[in-house]
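Okay, here's what each chain looks like letter by letter:
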Protein chains: 4
Amino acid sequence: MIIPRASRLTPEQLLEVEKIVSEFGCRIQTIVGAERSIYAILGDERHETMINRILGLDYVARVDAIDSPYKLMDIKSTLADGKLRLGGVEVGAEPLFIAGPCTIDPKNPNLFYETAEAVKEAGGHVLRGGVWKPRTMPYSYQGDNAALDILLEARARTGLAINTEVMEPEHLSIVLDAGVDVVQVGARNALNYPLLRHIGSRTAGSNTTVLLKRGRPMAPVDEFLAAAEYVVSAGNPNVLLCPRGTLPSMDGYRNHPDESITQLLKEKTWAAVIVDPSHSVGRAAFVPGAALAAMAYGADGIVVETHIDPKCGIGDDPKQSITPATLKSLIADAREIWKLRRKYSPTPPSS
Amino acid sequence: MIIPRASRLTPEQLLEVEKIVSEFGCRIQTIVGAERSIYAILGDERHETMINRILGLDYVARVDAIDSPYKLMDIKSTLADGKLRLGGVEVGAEPLFIAGPCTIDPKNPNLFYETAEAVKEAGGHVLRGGVWKPRTMPYSYQGDNAALDILLEARARTGLAINTEVMEPEHLSIVLDAGVDVVQVGARNALNYPLLRHIGSRTAGSNTTVLLKRGRPMAPVDEFLAAAEYVVSAGNPNVLLCPRGTLPSMDGYRNHPDESITQLLKEKTWAAVIVDPSHSVGRAAFVPGAALAAMAYGADGIVVETHIDPKCGIGDDPKQSITPATLKSLIADAREIWKLRRKYSPTPPSS
Amino acid sequence: MIIPRASRLTPEQLLEVEKIVSEFGCRIQTIVGAERSIYAILGDERHETMINRILGLDYVARVDAIDSPYKLMDIKSTLADGKLRLGGVEVGAEPLFIAGPCTIDPKNPNLFYETAEAVKEAGGHVLRGGVWKPRTMPYSYQGDNAALDILLEARARTGLAINTEVMEPEHLSIVLDAGVDVVQVGARNALNYPLLRHIGSRTAGSNTTVLLKRGRPMAPVDEFLAAAEYVVSAGNPNVLLCPRGTLPSMDGYRNHPDESITQLLKEKTWAAVIVDPSHSVGRAAFVPGAALAAMAYGADGIVVETHIDPKCGIGDDPKQSITPATLKSLIADAREIWKLRRKYSPTPPSS
Amino acid sequence: MIIPRASRLTPEQLLEVEKIVSEFGCRIQTIVGAERSIYAILGDERHETMINRILGLDYVARVDAIDSPYKLMDIKSTLADGKLRLGGVEVGAEPLFIAGPCTIDPKNPNLFYETAEAVKEAGGHVLRGGVWKPRTMPYSYQGDNAALDILLEARARTGLAINTEVMEPEHLSIVLDAGVDVVQVGARNALNYPLLRHIGSRTAGSNTTVLLKRGRPMAPVDEFLAAAEYVVSAGNPNVLLCPRGTLPSMDGYRNHPDESITQLLKEKTWAAVIVDPSHSVGRAAFVPGAALAAMAYGADGIVVETHIDPKCGIGDDPKQSITPATLKSLIADAREIWKLRRKYSPTPPSS
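In short, a report on the structure. This is a predicted model, so every value here is computed, not measured. (Residues numbered from 1 in each chain as written. Chains lettered and ligands numbered in written order. Predicted model: local features only at pLDDT ≥ 70, side-chain atom pairs only at ≥ 80, totals over all residues. Heavy atoms only, no water.)

1. Description of the sheet that holds strand β12 (residues 239-242) of chain C
All names here are of chain C. In spatial order, the strands read β7-β8-β9-β10-β11-β12-β13-β14; together these eight strands close into a barrel with parallel pairing. For this sheet, the mean inter-axis angle between neighbouring strands, taken without regard to orientation, is 25°. Both strand β9 (residues 161-165) and strand β10 (residues 182-185) contribute to a ladder of three bridges, which runs parallel. Within β10, the position partnered with threonine 164 by the bridge is valine 183. (Pairing = 2+ DSSP bridges. Helix = DSSP H or I, 4+ residues; strand = E, 2+ residues; numbered from the N terminus. Axes fitted to C-alpha atoms, helices over the stretch in contact; angles between N-to-C directions.)

2. A few points about the relation of the copies chain D and chain C
Screw-axis analysis of chain D against chain C gives a translation of 0.0 Å along the axis, an RMSD of 0.1 Å, and a rotation angle of 180°. Overall, the copies show the geometry of a two-fold rotation axis. No C-alpha of chain D lies nearer the rotation axis than that of alanine 293 of chain D, which sits 2.0 Å from it. (Least-squares fit on C-alpha atoms with pLDDT ≥ 70 in both.)

3. So, the interface of chain D and chain C
Tallying the contact residues gives 41 residues for chain D and 42 residues for chain C. A buried area of about 3,200 Å², summed over both sides, lies between chain D and chain C, and 64% of it is on carbon and sulfur atoms. Considering only the side of chain D, the residues that lose the most area to chain C are Met218, Leu264 and Tyr344 of chain D, jointly responsible for 19% of the buried surface there. Note that lysine 343 of chain C is salt-bridged to aspartate 333 of chain D, the shortest N-O span being 2.8 Å. Between chain D and chain C we count 18 residue pairs in polar contact (both at pLDDT 80 or more) in total. Going through the elements one at a time, α8 (261-268), α10 (287-296) and α12 (324-341) of chain D are the ones with two or more residues in the side of chain D that touches chain C. Per element, the largest residue contribution to the side of chain D that touches chain C is eight residues, and it comes from α12 of chain D. Residue composition of the side of chain D that touches chain C, by class: 22 nonpolar, nine polar and 10 charged. (Contact = heavy atoms within 4.5 Å. Buried area = accessible area lost by both parts, 1.4 Å probe. Salt bridge = Lys/Arg side-chain N within 4 Å of Asp/Glu carboxyl O. Polar contact = N/O pair within 3.5 Å; in protein donor to acceptor, adjacent residues only side chain to side chain. Nonpolar A, V, L, I, M, F, W, Y, C, P; charged D, E, K, R; others polar.)

4. Looking at the sheet that holds strand β7 (residues 96-100) of chain A
Residues and elements named next belong to chain A. Pairing is parallel around the closed barrel formed by eight strands, whose spatial order is β7-β8-β9-β10-β11-β12-β13-β14. Sheet twist, expressed as the mean angle between neighbouring strand axes with direction ignored, is 25°. Examined bridge by bridge, β7 and strand β8 (residues 126-128) share two bridges and lie parallel to one another. Across the sheet, the residue bridging to alanine 99 is leucine 127, located in β8. Here helix α7 (residues 221-233) sits on the sheet and contacts β11 (209-213) and β12 (239-242); the angle it forms with β12, its principal contact strand, is near 155°. Where helix α10 (residues 287-296) meets the sheet, it contacts β13 (272-275) and β14 (301-305), and its direction lies at approximately 165° from that of β14.

5. Structural notes on helix α4 (residues 146-158) of chain D
Because each turn of an α-helix spans 3.6 residues, side chains separated by three or four positions end up pointing in the same direction. Residue and element names in this part refer to chain D. A rise of 1.5 Å per residue sets the reference length of α4, with its 13 residues, at 18 Å; its end C-alpha atoms lie 19 Å apart and thus fit the reference within 8%. For α4, every residue scored as buried is listed here: Ala147, Leu148, Ile150, Leu151, Ala154 and Thr158. One side of α4 carries all its buried residues, which in axial view fall inside an arc of 160°. Opposite the buried face of α4, at more than 90 degrees from it, the exposed residues are Asp149 and Ala156. Turning to α4, the residues buried within the fold contact α3 (109-122), β8 (126-128), β9 (161-165) and α5 (169-177). Just downstream of α4 lies glycine 159, where phi reads positive at about 80°. (Expected span 1.5 Å × (residues − 1). Buried < 20%, exposed > 50% of the residue type's maximum accessible area, 1.4 Å probe, protein only. Arc of directions from axis to C-beta.)

6. With respect to unusual backbone geometry
Across the junction of leucine 247 of chain B and proline 248 of chain B, the peptide omega takes the value 0°, indicating a cis bond. With respect to the helices and strands, the residue proline 248 of chain B is situated in the loop between β12 (239-242) and α8 (261-268).

7. A look at the interface of chain D and chain B
Taken together, the contact pairs 31 residues of chain D with 31 residues of chain B. Taken together, the two surfaces of chain D and chain B that pack against each other cover about 2,700 Å², and 62% of this comes from carbon and sulfur. Here chain D and chain B share two salt bridges between them. Between arginine 216 of chain D and glutamate 223 of chain B there is a salt bridge, and its shortest N-O distance comes to 2.7 Å. Along the contact surface separating chain D from chain B lie 14 residue pairs in polar contact (both at pLDDT 80 or more). Elements that contribute at least two residues to the side of chain D that touches chain B include exactly α6 (193-202) and α7 (221-233) of chain D. With five residues, the top contributor of residues to the side of chain D that touches chain B is α7 of chain D. Per-class residue counts for the side of chain D that touches chain B are 18 nonpolar, five polar and eight charged.

8. Considering the packing of helix α7 (residues 221-233) of chain B against α8 of chain B
Residues and elements named next belong to chain B. α8 packs onto α7 with a crossing angle of 60° between their chain directions and a minimal axis gap of 10 Å. Relative to α8, the element α7 is oriented oblique. The interaxial crossing formed by α7 with α8 has right-handed handedness. The segment α7 lies against α8, with Val221, Asp222, Phe224 and Leu225 engaging Ile261, Leu264, Leu265 and Lys268. Residue classes in the contact of α7 with α8 are distributed as six nonpolar, no polar and two charged. (Parallel < 35°, antiparallel > 145°, perpendicular 65-115°, else oblique. Left-handed = near helix turned anticlockwise from the far one by under 90°.)

Right, here's the structure in full:
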């Protein structure tokens, strides 16, 4: 990983670096951060001569070789110094709250607009809403492009950043054209590597954030981080890791709550962890407990399904959406726990 | 379940009731609570004539038939009105903190005495300490009766209530003779029904509390409550339910954290839930997160392995015991979360 | 589901049927079988008037309404009568053996050609070989289009049908252009619905078979069948269901062997089950046991990683590939068990 | 582990050996095999001087130090040479079949006698029948001592060896007084170490066999072998290891079938593996598949719930017992697979 002295390499400098690494069978992948870019050497980056020649360039500050399977996601990676701003929040410096319905009902746009206003009023930063849905059965409602217009209109009305899930490249093109702020990859696509790589390269150098859900089996931390590495190594460092419960489920819940993985992730990566308690427990009455537990485990925020009138929602909303009133109370309490929790971090803040 | 008008039936009244139910093939099990006793009808308790005859007795206030597989543990059972006092705390009215080493080292009693004083100073209510240990290997240290004297001496010095695990009837006799306050049943014996029944009947009518760990597989709520029903139906209603992580483990932890079961338990039973975060995560740095998450899920308290100098401990202490300083901070924060959490209970306080 | 009297509807007949169902908000999906086609009514197919009008057409033999979430995969579906021929075998009438390396090494084509000849000699029907590989890490070898030429050459030399995995639409186009016989969808894409639907529609009416691996979490039978329903409802009934072990793994194996799901699948669907013991156990010495167990559970065949010289293989081959000599012995024994097992089928053969 | 030149040490020789090891803080545990005894050194057996002094005794053939956590169960242990005869079978030299009802119904002894005759006729070697039952609920039928008389009478009538489960020392005394051939420890007591040790020492030097079920969580091989080590190190080497399905269950089965653990066990231990397919799948129609799969994985036998008229059985019989006719066919096919499987053993027979 090449860290330049200035915030970015000039095109001429980049060309010079690329020429050097290509002699050693490597290539350069630019990772464009908000404040500065860094330059990953893909291939076997341990050639001593190659590193020495790059270090000899006066516009290069440092070359870091991270001995980790996921060298960009690793906590020791230079990316750890990057900052991600989203919905008016510097992620990590204060908790992030993403809320909104599971699925946007294109027949009832007002329900969504009212929910959006209520999410804002409750203190949410990002508005979520499903346009397309991965559905177990091919005959179930699969979403509707018209819902995207509703999501965009809600952003225009509230000023909230917006978040929606994509399942294929066609979706991605549509949402990127519309300037959606957060692109979500669902649990079923958590290891769909072509999609992850495609999202990373299509959003390289943009402000788009990628919210990456954890896969459904009780997969190891390393696999989760490696999936994020696909996005980041393709050029976009703005990733959020989202545990959402695993299978086999705990009897009485939709999945087995897994917010506890937060502190295992934090031990290994710099990336923010935003927990989804709604899919984890799958019942509205149990969401607040799971949301607060996520904060207790050190999460940087939560993504909570919220609906102005859950029983009128579609998709998972009737069962697992909480009301804006509950959300408001939950946000206040989550902030308190976020503060209490900081002193116990496995990797305590240096200050 | 027969609820008398007075706090208890007189021997003559009990005899009269027993005579009636025996005509219908049932028998009476007295459940002795701190403030009053109730009388379970074991057998098919739904004979209308039998119930009518009992209701006709002027010293009987009510006969409750609970339509639940675990009629005494059920949240609708009369036992829900009972109060359990332990270590100076009314359980449920404020959080309960049990702390101390995994295993008492009989060669170093002072380490235990110092830990006991530190637990008290940190705000703990009950002092835990293993006298005997269920060990995977027959050749490992299996405990030492001498350790019980150390535990008793620590109680004498600090005034803390004391807690230790028993694995067989011989252990139980020894600890009951010594007046141990809390008898713990470990995860490996969670479904050892003869032992559970034996403990329930040997402690019937006493102040002894039984801390029942959850079994290690990801067992359903009903199985956990049914195990507690063995103890209670044998005569002792003073049970605490203790989740402690399940198998298969989450990669990076000793078990899969399962504090989330707390709110599923609370939906079905009146019994207090005391979570063990130490066995759940198995690494000291991760214990505070798990402990606070338990409170966020609505636990009534925690049991945390604590040692004055973990690296000098035996058993699990070097890996998973926290220090008294961490315990003190944890207790303060746990109290805060306990307060925040109350408003979200699936069964909210009536006030 | 409309079953015509003749083997297929004429274009004019199809148009007439489509006109009727469109009046009721439904549409027709043709499922092209080897011997005849059937016509699924997508949408709410239970309108009595609609069904009566279709039944009134003299070229329609029957209209079946299957009350099942996966109406085409259901064992009661008309598709149960279809026959699938692959590699010279009528699947179901005798066991099918798919074998070959995990990954084709483009630098050593001869290893692959020799393995192909040996697979044929051992009695295999289909030759497997990975051209592209879903890899946990973005920096690992991801496959090489050149490997496809090697696979095609091996088919030309041996006459075996060939099988390779696709992860994205680009791969699919390439393999369909090349006339690959079996398109494999891996465990990571088991619920990648856009890909499944795309494969189903691109291969509709062709002889291409789709081998669908089970997802990695211990997912229910219904989810597996619903994933296959995506392929079939898009037009291609030639699906093979492939259990390959689930997570969490059994300690000592790569996954938790799940060949036992075979008889649960057979109870609900007509589709053939081809078990992959290699990924299930992940160690060559343990593959034969798992392969024979699959036959004992009623599998219609197995797909086994085989390499002429496993230690010279790439990908998973050094660890989990068996030799052709073992394959030959295994095929003979698998045939024996296949015969023994038939009398115990949960859905016994009608003869 | 001390192996004497003769089949056993004389009392004087044993005394001499005990005197030596006691100088080094160790003690001797005699393991009484059918043909000869060996003498385990408990404690730190690696003192060179101690070993040399023992080797100097002319009646000592060998001293083996096994570097394994379970030194007696280990495949390299001297116990591997022992032979276990049960029900007329030399276990390991031909497959062993244990069959009979889940639970003996004391009200219908004839059902049991008829089942016993049918089990014998079908080719079974050992007759199983539950006298006492570990039941999830304290109010369920817990068994009846009278059932033991029925079991003994069935042995008298058929000559079959008999097998029943014990849950506590009181049960053990009763069955040992009655001379029951196989004492079963159920899954709930799989890690009840005091019970295991008690059984081992009470049966030391006898012909009694201990059938040890695997615990219900997906526990590692090492834990299973360590549990058996408790029995063996207490003096009885006649143990059978019995996988019976694990939790979390596979949707559609009672547990997750785990017969695949057989080959992992066989890699590490000399002990025979007898699989229980009945509890694994929990449905009679699925038992034969699981039973044959167990043989394919290299099991030394099976224990199958069988009832002359399953729907008239109690306990688990109506759901999971097969008929004697199915048992007969199953035994024949299991023998075939047992033969086929032998050539693939991870530890192939030396001949």
